[in-house]
Amino acid sequence: ALQALSTPDSNVIDYYIISDEALKAEIYWALHNNVTHHSHSSSQAVTELFRHMFPDSKIAKSFKCGKTKLSYLITFGLAPYFTNELIDTLKEVQHFVLLFEESFNRVTKNEQMDVHVRFWDSIQQKTVTRYLRSEFLGHCTAQDLMIKIKESTNQIDTSKMIQISMDGPNVNKKFYRDYCLDRSTSLPDAPNLIDIGSCGLHVIHGDFKTGANATGWKLDNLLRSLYYLFNESPARRADYTAITDSEIFPLQFCSTRWIEDVNVAQRAVEIWGNICKYIGPLSNAPKSKRPKSASFATVVKAVNDPLTLAKLNVFISTAK
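Reading the values: the criteria
Residues numbered from 1 in each chain as written. Predicted model: local features only at pLDDT ≥ 70, side-chain atom pairs only at ≥ 80, totals over all residues. Heavy atoms only, no water. 1 Å grid on protein atoms, 1.4 Å probe; cavity = no way out; pocket = protein on both sides within 12 Å on 5 of 7 lines; lining within 4 Å. Points joined across faces, edges and corners; volume = space filled by probe spheres on them. Helix = DSSP H or I, 4+ residues; strand = E, 2+ residues; numbered from the N terminus. Axes fitted to C-alpha atoms, helices over the stretch in contact; angles between N-to-C directions. Parallel < 35°, antiparallel > 145°, perpendicular 65-115°, else oblique. Left-handed = near helix turned anticlockwise from the far one by under 90°. Contact = heavy atoms within 4.5 Å. Nonpolar A, V, L, I, M, F, W, Y, C, P; charged D, E, K, R; others polar. Salt bridge = Lys/Arg side-chain N within 4 Å of Asp/Glu carboxyl O. Buried < 20%, exposed > 50% of the residue type's maximum accessible area, 1.4 Å probe, protein only. Pairing = 2+ DSSP bridges.

Q: Quick question: what am I supposed to make of the layout of surface pockets here?
A: Any space left empty among the atoms is revealed by the rolling of a water-sized probe across them. Here the largest pocket defines a volume of roughly 730 Å³. Going through the elements one at a time, β1 (96–105), β2 (110–121), β3 (126–137), β4 (161–165) and α8 (200–214) are the ones with two or more residues in the lining of the largest pocket. For the lining of the largest pocket, the element with the highest residue contribution is α8, accounting for four residues. For the second largest pocket, the calculated volume is near 350 Å³. What lines the second largest pocket is simply L31, N34, V35, I74, T75, L78, A79, P80, F82 and Y131. Sorting the residues of the lining of the second largest pocket by element identifies α2 (20–35) and α5 (67–92) as the ones contributing at least two each. A total of six residues in the lining of the second largest pocket trace back to one element, the largest contributor, which is α5.

See below:
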């Protein structure tokens with residue numbers, strides 16, 4: 001029977017075989033959907049669409065990646081690969097931080113706990129945060145959290161863990177105390193977990209904010225004002241482009257995640273020459289022709305400060 005199926009005259013077995021190139025195209029499509037946050041339903045008719053768009057392509061004729069297949073490909077094909085890749089990476093790192101967050105899942109109608117790890121990536125030369133897995137909870141007591149966290153980390157060396165980052169409900173604090181007690185028994189040689197509050201991320205952002213405010217430079221006002229000076233103002237954007245011959249505008253400042261505002265400050269440094277070129281004529285124009293917003297006044301004050309660029313670079317260097 002196998003010999004009969006493999007003969008050149010028989011196309012039966014070909015129906016069940018996917019070419020490597022078609023499978024590669026389906027994987028690319030699945031990755032694209034994930035990166036761009038497209039719904040699986042958006043792939044419902046993509047198979048027929050590609051065949052009409054590329055009628056001369058053999059790959060398009062073999063391509064089959066509708067809603068259901070896309071879901072299976074991501075869940076049972078790509079997800080295990082990336083999980084295993086992450087676990088292998090964690091074997092090489094010296095330390096890592098575990099992070100978890102619980103929220104209500106409106107689809108499954110239960111509590112979903114997402115678990116992440118944060119570590120220094122020697123290849124990218126920066127700290128990265130990677131998704132590890134999700135756990136689903138009915139009751140959410142400290143004991144339930146303990147069980148699920150242990151299930152989530154059973155494939156990684158938790159003796160390398162130096163901190164747990166989470167939100168602040170009392171049940172999480174109880175879990176943290178219980179976990180530290182259990183760790184001292186099961187891993188007596190492991191380092192004590194660093195305790196800087198329930199969420200290391202928020203604490204670090206808050207500490208940086210406190211330090212930045214202590215300088216008295218009010219760079220948050222400047223970065224916020226730069227953005228709002230041009231936001232939803234077509235006339236100012238047009239004038240700026242005409243004067244500077246540039247369409248690169250300030251980025252929006254985030255007042256809760258200060259360390260992630262590095263790119264906002266870098267953009268301000270990048271376009272500072274253009275900002276000065278735009279503000280100069282306006283600040284000397286008749287009062288009736290100047291913008292009356294508080295953002296404009298803040299930017300004018302910064303333009304007249306010869307140390308603004310130095311202050312922004314200190315902000316960037318420290319945040320990094």
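Q: Can you walk me through the packing of helix α9 (residues 219–230) against helix α13 (residues 294–303) in this structure?
A: For any two helices packed against each other, one specifies the inter-axial angle together with the distance between the axes. Look at α9 against α13: their axes get within 8 Å of each other, and the N-to-C directions meet at 125°. By the angle between their axes, α9 is oblique relative to α13. Every pair of crossing elements has a handedness; the one defined by α9 and α13 is left-handed. Listed contacts from α13 to N221, L222, S225, L226, Y228 and L229 of α9 are S295, F296, T298, V299 and A302. Among the residues forming the contact of α9 with α13, the class breakdown is seven nonpolar, four polar and no charged.

Q: It is not clear to me how the pattern of salt bridges should be interpreted in this structure. Could you clarify?
A: Oppositely charged side chains may form a pair once their charged atoms are brought near each other. What the rule picks out here adds up to 12 salt bridges. Residue R133 is joined to E135 by a salt bridge in which the shortest nitrogen-to-oxygen separation is 3.0 Å. On the basis of relative accessibility, which here comes to 31%, the residue R133 falls in the partly exposed class. Residue R257 pairs with E260 through a salt bridge whose shortest N-O separation is 3.6 Å. Judged by relative accessible area, E260 falls into the partly exposed class, the value being 45%.

Q: Mind showing me how you'd approach the sheet that holds β2 here?
A: Each strand in a sheet pairs with its neighbour through backbone hydrogen bonds, running either in the same direction (parallel) or in the opposite one (antiparallel). Read across the sheet, four strands follow the order β3-β2-β1-β4 without closing on themselves; strand pairing throughout is mixed. For this open sheet the edge positions go to β3 and β4, each flanked by a neighbour on one side alone. Averaged over all adjacent pairs, the angle separating strand axes in this sheet is 25°, with direction ignored. For β1 and β2, the ladder comprises nine bridges, and the chain directions are antiparallel. Counterpart to F100 in the pairing with β2 is V115. Here helix α6 (residues 142–152) sits on the sheet in contact with β1, β2 and β3, set at roughly 125° to β3. Against the sheet, helix α7 (residues 170–186) touches β1 and β4, its axis set at about 165° to β4.

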